[in-house]
Amino acid sequence: MKRRTLCVFSLLAWVLAACTMLSFKIEEQMTAQVVAAPRSAYGLTVLPMEALTYDETGYHLFELVEGSGWESGPRAHEIDGQDYSIIDREGGVQQVTATPSYNAELIQFSSHPLRAGEPLVELLEQETAEDVYLVAFSAPVPEIENLSPSLRLDGRTDTALLLSVAGGAQPFIEPQAKTQISQAPVLAPYFHPMTADYARVYSLKAVEQFLEHVPRLVLLLVMLLFPVVLWAGSCILFRRRGGRGLAAVNTALAGLDGVCMAYVLGGVELPPSLLPAEMIFDAGHYTDTFGNIFEALMAFGENPLAKSVLCAAEDAFDRAAVILFVGLMAAVFVVIAEGLLCRGTWNKQGKLFMTAVR
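This text gives an overview of the structure that appears in the document. (Residues numbered from 1 in each chain as written. Predicted model: local features only at pLDDT ≥ 70, side-chain atom pairs only at ≥ 80, totals over all residues. Heavy atoms only, no water.)

## Examining the pattern of salt bridges
Summed over all chains, the structure comprises eight salt bridges. Residue Glu 174 is joined to Arg 200 by a salt bridge in which the shortest nitrogen-to-oxygen separation is 2.9 Å. Taken together, the residues Glu 174 in helix α2 (residues 174-181) and Arg 200 in strand β14 (residues 199-203) connect sequence positions 26 residues apart. Given the relative accessible area of 13%, Glu 174 is considered buried. (Salt bridge = Lys/Arg side-chain N within 4 Å of Asp/Glu carboxyl O. Helix = DSSP H or I, 4+ residues; strand = E, 2+ residues; numbered from the N terminus. Buried < 20%, exposed > 50% of the residue type's maximum accessible area, 1.4 Å probe, protein only.)

Okay, structure coming up:
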(Lines give C-alpha, C1' and ligand atoms only; values in the text may rest on other atoms or scores of the structure.)
Protein backbone atom coordinates (compact mmCIF):
# COMPACT_ATOMS: atom_id res chain seq x y z
CA MET A 1 0.00 0.00 0.00
CA LYS A 2 2.84 2.37 0.88
CA ARG A 3 4.54 1.64 -2.44
CA ARG A 4 1.41 2.41 -4.39
CA THR A 5 0.94 5.59 -2.39
CA LEU A 6 4.51 6.64 -3.21
CA CYS A 7 3.91 6.03 -6.91
CA VAL A 8 0.66 7.99 -6.85
CA PHE A 9 2.15 10.96 -5.01
CA SER A 10 5.17 10.97 -7.34
CA LEU A 11 2.85 11.10 -10.33
CA LEU A 12 0.77 13.87 -8.76
CA ALA A 13 3.94 15.89 -8.12
CA TRP A 14 4.87 15.56 -11.79
CA VAL A 15 1.40 16.55 -12.93
CA LEU A 16 1.48 19.61 -10.65
CA ALA A 17 4.86 20.71 -12.02
CA ALA A 18 3.78 20.17 -15.62
CA CYS A 19 0.48 22.00 -15.14
CA THR A 20 2.33 24.95 -13.57
CA MET A 21 4.57 25.26 -16.63
CA LEU A 22 1.60 24.97 -18.97
CA SER A 23 -0.49 27.50 -17.05
CA PHE A 24 2.11 30.26 -17.44
CA LYS A 25 2.37 29.61 -21.18
CA ILE A 26 -1.39 29.44 -21.64
CA GLU A 27 -1.84 32.73 -19.80
CA GLU A 28 0.75 34.32 -22.08
CA GLN A 29 -0.88 32.96 -25.23
CA MET A 30 -4.45 33.84 -24.24
CA THR A 31 -3.75 37.45 -23.24
CA ALA A 32 -5.42 39.73 -25.77
CA GLN A 33 -3.12 41.75 -28.01
CA VAL A 34 -4.43 45.21 -28.81
CA VAL A 35 -3.63 48.25 -30.91
CA ALA A 36 -4.49 51.46 -29.05
CA ALA A 37 -4.75 55.13 -30.07
CA PRO A 38 -4.45 58.22 -27.84
CA ARG A 39 -7.80 59.74 -26.91
CA SER A 40 -7.81 63.43 -27.76
CA ALA A 41 -8.01 65.83 -24.83
CA TYR A 42 -9.48 68.71 -26.84
CA GLY A 43 -11.56 67.26 -29.67
CA LEU A 44 -13.28 64.14 -30.92
CA THR A 45 -11.23 60.99 -31.48
CA VAL A 46 -12.21 59.19 -34.68
CA LEU A 47 -11.95 55.40 -34.87
CA PRO A 48 -13.02 52.82 -37.47
CA MET A 49 -16.19 50.83 -36.86
CA GLU A 50 -14.03 47.74 -36.25
CA ALA A 51 -13.07 49.28 -32.90
CA LEU A 52 -16.55 48.32 -31.69
CA THR A 53 -17.74 44.88 -30.72
CA TYR A 54 -21.40 43.94 -30.89
CA ASP A 55 -23.39 41.33 -28.98
CA GLU A 56 -26.92 40.84 -27.65
CA THR A 57 -26.45 43.75 -25.25
CA GLY A 58 -25.38 46.23 -27.94
CA TYR A 59 -22.15 47.98 -28.89
CA HIS A 60 -19.02 48.05 -26.74
CA LEU A 61 -15.94 50.27 -26.90
CA PHE A 62 -12.94 49.82 -24.61
CA GLU A 63 -10.02 51.88 -23.42
CA LEU A 64 -6.70 50.76 -22.01
CA VAL A 65 -6.16 51.50 -18.33
CA GLU A 66 -3.43 50.58 -15.85
CA GLY A 67 -4.59 48.16 -13.16
CA SER A 68 -3.41 48.01 -9.57
CA GLY A 69 -2.82 45.44 -6.85
CA TRP A 70 -3.58 41.90 -7.92
CA GLU A 71 -4.84 43.27 -11.24
CA SER A 72 -1.76 45.31 -12.11
CA GLY A 73 -0.75 45.87 -15.72
CA PRO A 74 -2.74 47.00 -18.76
CA ARG A 75 -6.46 46.20 -18.50
CA ALA A 76 -9.57 46.67 -20.64
CA HIS A 77 -12.10 49.18 -19.36
CA GLU A 78 -15.44 49.63 -21.11
CA ILE A 79 -16.44 53.19 -21.99
CA ASP A 80 -19.91 54.43 -21.21
CA GLY A 81 -22.15 54.49 -24.29
CA GLN A 82 -22.75 58.22 -23.83
CA ASP A 83 -19.05 58.94 -24.40
CA TYR A 84 -19.00 57.84 -28.04
CA SER A 85 -21.27 57.83 -31.07
CA ILE A 86 -21.46 56.43 -34.59
CA ILE A 87 -21.41 58.90 -37.47
CA ASP A 88 -21.95 58.50 -41.22
CA ARG A 89 -19.29 59.65 -43.65
CA GLU A 90 -19.42 60.12 -47.40
CA GLY A 91 -20.02 56.95 -49.38
CA GLY A 92 -21.99 55.32 -46.58
CA VAL A 93 -18.87 54.72 -44.45
CA GLN A 94 -19.47 54.77 -40.71
CA GLN A 95 -16.98 55.73 -38.02
CA VAL A 96 -16.85 56.01 -34.24
CA THR A 97 -16.20 59.32 -32.49
CA ALA A 98 -15.25 59.47 -28.79
CA THR A 99 -15.53 62.54 -26.55
CA PRO A 100 -12.36 64.22 -25.21
CA SER A 101 -10.48 62.81 -22.26
CA TYR A 102 -7.05 63.32 -20.69
CA ASN A 103 -4.35 60.63 -20.58
CA ALA A 104 -6.51 57.92 -22.10
CA GLU A 105 -5.94 55.35 -24.86
CA LEU A 106 -8.79 53.90 -26.90
CA ILE A 107 -8.50 50.34 -28.15
CA GLN A 108 -8.79 50.32 -31.94
CA PHE A 109 -8.26 46.63 -32.62
CA SER A 110 -7.98 43.51 -30.46
CA SER A 111 -7.04 39.93 -31.23
CA HIS A 112 -10.34 38.71 -29.76
CA PRO A 113 -13.53 40.30 -28.36
CA LEU A 114 -12.70 41.91 -25.04
CA ARG A 115 -14.26 41.64 -21.59
CA ALA A 116 -14.10 44.40 -19.01
CA GLY A 117 -11.13 44.00 -16.70
CA GLU A 118 -9.21 41.38 -18.68
CA PRO A 119 -5.41 41.80 -19.03
CA LEU A 120 -3.97 43.12 -22.29
CA VAL A 121 -0.73 43.32 -24.21
CA GLU A 122 -0.43 46.60 -26.08
CA LEU A 123 1.33 46.35 -29.43
CA LEU A 124 3.34 49.55 -29.41
CA GLU A 125 4.87 48.93 -32.83
CA GLN A 126 3.74 46.40 -35.43
CA GLU A 127 5.96 45.01 -38.14
CA THR A 128 4.73 44.57 -41.71
CA ALA A 129 5.21 41.65 -44.07
CA GLU A 130 3.78 40.22 -47.27
CA ASP A 131 0.65 38.25 -46.52
CA VAL A 132 -2.42 36.73 -48.15
CA TYR A 133 -5.89 37.24 -46.69
CA LEU A 134 -8.56 34.59 -47.08
CA VAL A 135 -11.95 36.30 -46.88
CA ALA A 136 -14.70 33.71 -46.34
CA PHE A 137 -18.31 34.86 -46.79
CA SER A 138 -21.49 33.14 -45.65
CA ALA A 139 -23.22 34.25 -48.84
CA PRO A 140 -22.17 34.66 -52.52
CA VAL A 141 -19.35 37.15 -53.01
CA PRO A 142 -20.35 40.39 -54.74
CA GLU A 143 -18.52 41.65 -57.81
CA ILE A 144 -15.59 43.81 -56.82
CA GLU A 145 -14.59 46.77 -58.97
CA ASN A 146 -12.20 48.71 -56.73
CA LEU A 147 -10.00 47.45 -53.90
CA SER A 148 -7.64 49.27 -51.62
CA PRO A 149 -4.36 50.16 -53.42
CA SER A 150 -2.52 47.91 -50.95
CA LEU A 151 -4.59 44.84 -51.91
CA ARG A 152 -4.54 42.62 -55.01
CA LEU A 153 -7.18 40.03 -55.91
CA ASP A 154 -5.41 36.68 -56.47
CA GLY A 155 -8.40 34.38 -56.59
CA ARG A 156 -12.11 34.09 -55.96
CA THR A 157 -14.83 31.50 -55.61
CA ASP A 158 -18.55 31.87 -55.04
CA THR A 159 -18.04 32.52 -51.32
CA ALA A 160 -14.37 33.42 -50.81
CA LEU A 161 -11.60 35.77 -51.91
CA LEU A 162 -7.82 35.54 -51.82
CA LEU A 163 -6.25 38.97 -51.40
CA SER A 164 -2.50 39.62 -51.47
CA VAL A 165 -1.27 42.45 -49.28
CA ALA A 166 2.21 43.93 -49.58
CA GLY A 167 2.42 45.26 -46.03
CA GLY A 168 0.18 43.29 -43.73
CA ALA A 169 0.47 44.20 -40.04
CA GLN A 170 2.11 41.51 -37.88
CA PRO A 171 0.86 39.94 -35.71
CA PHE A 172 -2.32 39.65 -37.75
CA ILE A 173 -5.44 41.05 -36.07
CA GLU A 174 -8.70 40.39 -37.90
CA PRO A 175 -10.52 43.70 -37.17
CA GLN A 176 -7.45 45.59 -38.40
CA ALA A 177 -7.50 43.65 -41.67
CA LYS A 178 -11.24 44.24 -42.02
CA THR A 179 -10.66 47.99 -41.78
CA GLN A 180 -8.22 47.73 -44.67
CA ILE A 181 -10.49 45.58 -46.83
CA SER A 182 -13.65 47.58 -46.11
CA GLN A 183 -12.18 50.52 -48.03
CA ALA A 184 -13.81 48.83 -51.01
CA PRO A 185 -17.38 50.24 -50.67
CA VAL A 186 -19.05 47.07 -51.94
CA LEU A 187 -17.44 45.04 -49.13
CA ALA A 188 -17.92 47.53 -46.27
CA PRO A 189 -21.43 46.26 -45.27
CA TYR A 190 -20.03 42.76 -44.71
CA PHE A 191 -17.57 44.01 -42.10
CA HIS A 192 -19.95 46.02 -39.96
CA PRO A 193 -19.85 44.93 -36.27
CA MET A 194 -23.49 43.82 -36.48
CA THR A 195 -22.68 41.55 -39.45
CA ALA A 196 -19.20 40.49 -38.38
CA ASP A 197 -19.97 36.77 -38.71
CA TYR A 198 -21.07 37.16 -42.34
CA ALA A 199 -17.45 37.51 -43.45
CA ARG A 200 -14.32 36.22 -41.73
CA VAL A 201 -10.77 37.23 -42.61
CA TYR A 202 -7.89 34.82 -42.08
CA SER A 203 -4.18 35.41 -42.60
CA LEU A 204 -2.59 32.54 -44.54
CA LYS A 205 0.72 33.53 -42.97
CA ALA A 206 -0.86 33.01 -39.52
CA VAL A 207 -2.38 29.70 -40.66
CA GLU A 208 1.01 28.45 -41.82
CA GLN A 209 2.58 29.60 -38.55
CA PHE A 210 -0.02 27.61 -36.58
CA LEU A 211 0.54 24.52 -38.74
CA GLU A 212 4.29 24.72 -38.14
CA HIS A 213 3.56 24.42 -34.41
CA VAL A 214 1.27 21.37 -34.70
CA PRO A 215 4.16 18.81 -34.49
CA ARG A 216 5.61 20.75 -31.55
CA LEU A 217 2.25 20.67 -29.75
CA VAL A 218 1.98 16.92 -30.29
CA LEU A 219 5.53 16.52 -28.98
CA LEU A 220 4.43 18.34 -25.82
CA LEU A 221 1.53 15.90 -25.49
CA VAL A 222 3.95 12.98 -25.78
CA MET A 223 6.19 14.56 -23.13
CA LEU A 224 3.18 14.82 -20.82
CA LEU A 225 2.22 11.18 -21.35
CA PHE A 226 5.73 9.71 -21.26
CA PRO A 227 6.22 10.03 -17.45
CA VAL A 228 2.71 8.69 -16.87
CA VAL A 229 3.58 5.49 -18.75
CA LEU A 230 6.90 5.23 -16.90
CA TRP A 231 5.26 5.62 -13.48
CA ALA A 232 2.62 3.07 -14.38
CA GLY A 233 5.43 0.67 -15.24
CA SER A 234 7.25 1.53 -12.01
CA CYS A 235 4.18 0.70 -9.92
CA ILE A 236 3.88 -2.67 -11.64
CA LEU A 237 7.57 -3.52 -11.34
CA PHE A 238 8.11 -2.12 -7.84
CA ARG A 239 7.67 -5.48 -6.13
CA ARG A 240 10.11 -7.29 -8.40
CA ARG A 241 13.81 -7.55 -7.89
CA GLY A 242 15.42 -4.37 -9.15
CA GLY A 243 12.08 -2.57 -9.19
CA ARG A 244 13.14 0.07 -6.70
CA GLY A 245 16.22 0.86 -8.75
CA LEU A 246 14.11 1.18 -11.90
CA ALA A 247 11.74 3.52 -10.06
CA ALA A 248 14.70 5.78 -9.32
CA VAL A 249 15.79 5.61 -12.98
CA ASN A 250 12.26 6.44 -14.15
CA THR A 251 12.14 9.40 -11.77
CA ALA A 252 15.35 10.71 -13.32
CA LEU A 253 13.93 10.17 -16.82
CA ALA A 254 10.79 12.07 -15.84
CA GLY A 255 12.92 14.96 -14.56
CA LEU A 256 14.84 15.05 -17.85
CA ASP A 257 11.53 14.95 -19.69
CA GLY A 258 10.37 17.99 -17.69
CA VAL A 259 13.50 19.96 -18.63
CA CYS A 260 13.00 19.13 -22.32
CA MET A 261 9.32 20.02 -22.04
CA ALA A 262 10.17 23.47 -20.66
CA TYR A 263 12.52 24.04 -23.60
CA VAL A 264 9.95 22.98 -26.20
CA LEU A 265 7.22 24.99 -24.49
CA GLY A 266 9.38 28.12 -24.64
CA GLY A 267 9.40 27.92 -28.44
CA VAL A 268 5.61 27.85 -28.81
CA GLU A 269 4.20 31.10 -30.22
CA LEU A 270 0.71 30.54 -31.62
CA PRO A 271 -0.90 33.29 -33.73
CA PRO A 272 -3.52 35.06 -31.58
CA SER A 273 -6.02 35.40 -34.44
CA LEU A 274 -6.59 31.62 -34.52
CA LEU A 275 -6.97 31.04 -30.78
CA PRO A 276 -10.31 30.87 -28.92
CA ALA A 277 -11.41 33.88 -26.90
CA GLU A 278 -11.84 32.09 -23.56
CA MET A 279 -10.33 28.58 -23.30
CA ILE A 280 -7.28 27.46 -25.28
CA PHE A 281 -8.44 23.82 -25.23
CA ASP A 282 -11.76 24.62 -26.95
CA ALA A 283 -11.69 21.81 -29.54
CA GLY A 284 -14.92 23.03 -31.16
CA HIS A 285 -13.30 26.37 -31.96
CA TYR A 286 -10.38 24.75 -33.79
CA THR A 287 -12.67 22.33 -35.63
CA ASP A 288 -14.92 25.14 -36.86
CA THR A 289 -12.11 27.58 -37.66
CA PHE A 290 -9.82 25.25 -39.57
CA GLY A 291 -12.78 23.44 -41.12
CA ASN A 292 -13.92 26.77 -42.61
CA ILE A 293 -10.39 27.64 -43.74
CA PHE A 294 -9.63 24.31 -45.42
CA GLU A 295 -13.07 24.08 -47.01
CA ALA A 296 -12.66 27.56 -48.50
CA LEU A 297 -9.12 26.82 -49.72
CA MET A 298 -10.10 23.52 -51.36
CA ALA A 299 -12.70 25.39 -53.41
CA PHE A 300 -9.86 27.31 -55.10
CA GLY A 301 -8.67 24.11 -56.80
CA GLU A 302 -5.18 24.49 -58.27
CA ASN A 303 -4.63 28.03 -57.04
CA PRO A 304 -0.95 27.96 -55.93
CA LEU A 305 -1.56 30.04 -52.78
CA ALA A 306 -4.37 27.80 -51.57
CA LYS A 307 -2.58 24.62 -52.59
CA SER A 308 0.56 25.65 -50.68
CA VAL A 309 -1.35 25.97 -47.39
CA LEU A 310 -3.21 22.68 -47.89
CA CYS A 311 0.08 20.87 -48.57
CA ALA A 312 1.59 22.44 -45.45
CA ALA A 313 -1.39 21.19 -43.42
CA GLU A 314 -1.04 17.64 -44.75
CA ASP A 315 2.69 17.62 -43.99
CA ALA A 316 2.16 19.02 -40.47
CA PHE A 317 -0.46 16.42 -39.57
CA ASP A 318 1.67 13.58 -40.99
CA ARG A 319 4.68 14.65 -38.90
CA ALA A 320 2.46 15.02 -35.82
CA ALA A 321 1.12 11.46 -36.28
CA VAL A 322 4.66 10.07 -36.55
CA ILE A 323 5.78 11.94 -33.40
CA LEU A 324 2.77 10.66 -31.43
CA PHE A 325 3.28 7.05 -32.52
CA VAL A 326 7.05 6.98 -31.99
CA GLY A 327 6.82 8.77 -28.65
CA LEU A 328 4.22 6.46 -27.15
CA MET A 329 5.93 3.35 -28.53
CA ALA A 330 9.21 4.51 -26.99
CA ALA A 331 7.58 4.82 -23.56
CA VAL A 332 6.01 1.35 -23.88
CA PHE A 333 9.32 -0.11 -25.07
CA VAL A 334 11.15 1.33 -22.01
CA VAL A 335 8.61 -0.27 -19.64
CA ILE A 336 8.81 -3.63 -21.43
CA ALA A 337 12.61 -3.52 -21.37
CA GLU A 338 12.56 -2.77 -17.65
CA GLY A 339 10.18 -5.66 -17.07
CA LEU A 340 12.52 -8.06 -18.90
CA LEU A 341 15.44 -6.71 -16.92
CA CYS A 342 13.68 -7.36 -13.62
CA ARG A 343 12.92 -10.92 -14.66
CA GLY A 344 16.61 -11.55 -15.20
CA THR A 345 16.27 -12.34 -18.91
CA TRP A 346 19.07 -9.98 -19.85
CA ASN A 347 22.72 -10.99 -20.03
CA LYS A 348 25.38 -10.67 -17.34
CA GLN A 349 26.10 -7.02 -18.18
CA GLY A 350 22.48 -6.18 -17.53
CA LYS A 351 22.62 -7.81 -14.10
CA LEU A 352 25.77 -5.93 -13.21
CA PHE A 353 24.08 -2.68 -14.23
CA MET A 354 21.09 -3.40 -12.00
CA THR A 355 23.42 -4.21 -9.11
CA ALA A 356 25.13 -0.85 -9.53
CA VAL A 357 21.76 0.92 -9.60
CA ARG A 358 20.63 -0.76 -6.39
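## A few points about the sheet that holds β14
What the four strands build is an open sheet, ordered β12-β13-β11-β14; its pairing is antiparallel. The two strands at the open ends of the sheet, each matched to only one other strand, are β12 (151-156) and β14. With direction set aside, neighbouring strand axes in the sheet form an average angle of 30°. Summarising the sheet, β12 and strand β13 (residues 160-170) pair through five bridges and their orientation is antiparallel. Its bridge partner lying in β13, Arg 152 is registered against Ser 164. This element, α2, spans β11 (127-137), β12, β13 and β14 of the sheet and lies at about 110° to β14. (Pairing = 2+ DSSP bridges. Axes fitted to C-alpha atoms, helices over the stretch in contact; angles between N-to-C directions. Contact = heavy atoms within 4.5 Å.)

## Some words on the nonpolar core
In terms of nonpolar packing, the biggest core is built from 41 residues, with Leu 134 and Ile 293 touching the most fellow members. Elements with a minimum of two residues in this core: α1 (2-30), β11, β13, α3 (204-237), α4 (243-266), α5 (283-298) and α6 (304-342). Per-element tally for this core: the top contributor is α3, with 10 residues. Those residues within four positions of Leu 134 in sequence are excluded, and the remaining contacts are Ala 160, Leu 161, Leu 162, Arg 200, Val 201, Tyr 202, Leu 204, Ile 293, Ala 296, Leu 297 and Phe 300. (Core = buried A, V, L, I, M, F, W, Y, C linked by side-chain atoms within 4.5 Å.)

## Considering α2
Of all eight residues in α2, seven are buried, a share of seventy percent or more. Within α2, the full set of buried residues consists of Glu 174, Gln 176, Ala 177, Lys 178, Thr 179, Gln 180 and Ile 181.

## Quick notes on the layout of surface pockets
Put simply, the largest pocket is a space of about 930 Å³. As for the largest pocket, its lining consists of 39 residues, and the residues nearest its centre are Thr 53, His 112, Pro 113, Ala 196 and Asp 197. Sorting the residues of the lining of the largest pocket by element identifies β3 (53-55), β9 (105-110), α2 and α5 as the ones contributing at least two each. Ranked by the residues each element gives to the lining of the largest pocket, the list is headed by β9, at four residues. (1 Å grid on protein atoms, 1.4 Å probe; cavity = no way out; pocket = protein on both sides within 12 Å on 5 of 7 lines; lining within 4 Å. Points joined across faces, edges and corners; volume = space filled by probe spheres on them.)

Honestly, it's all geometry; don't read function into it.
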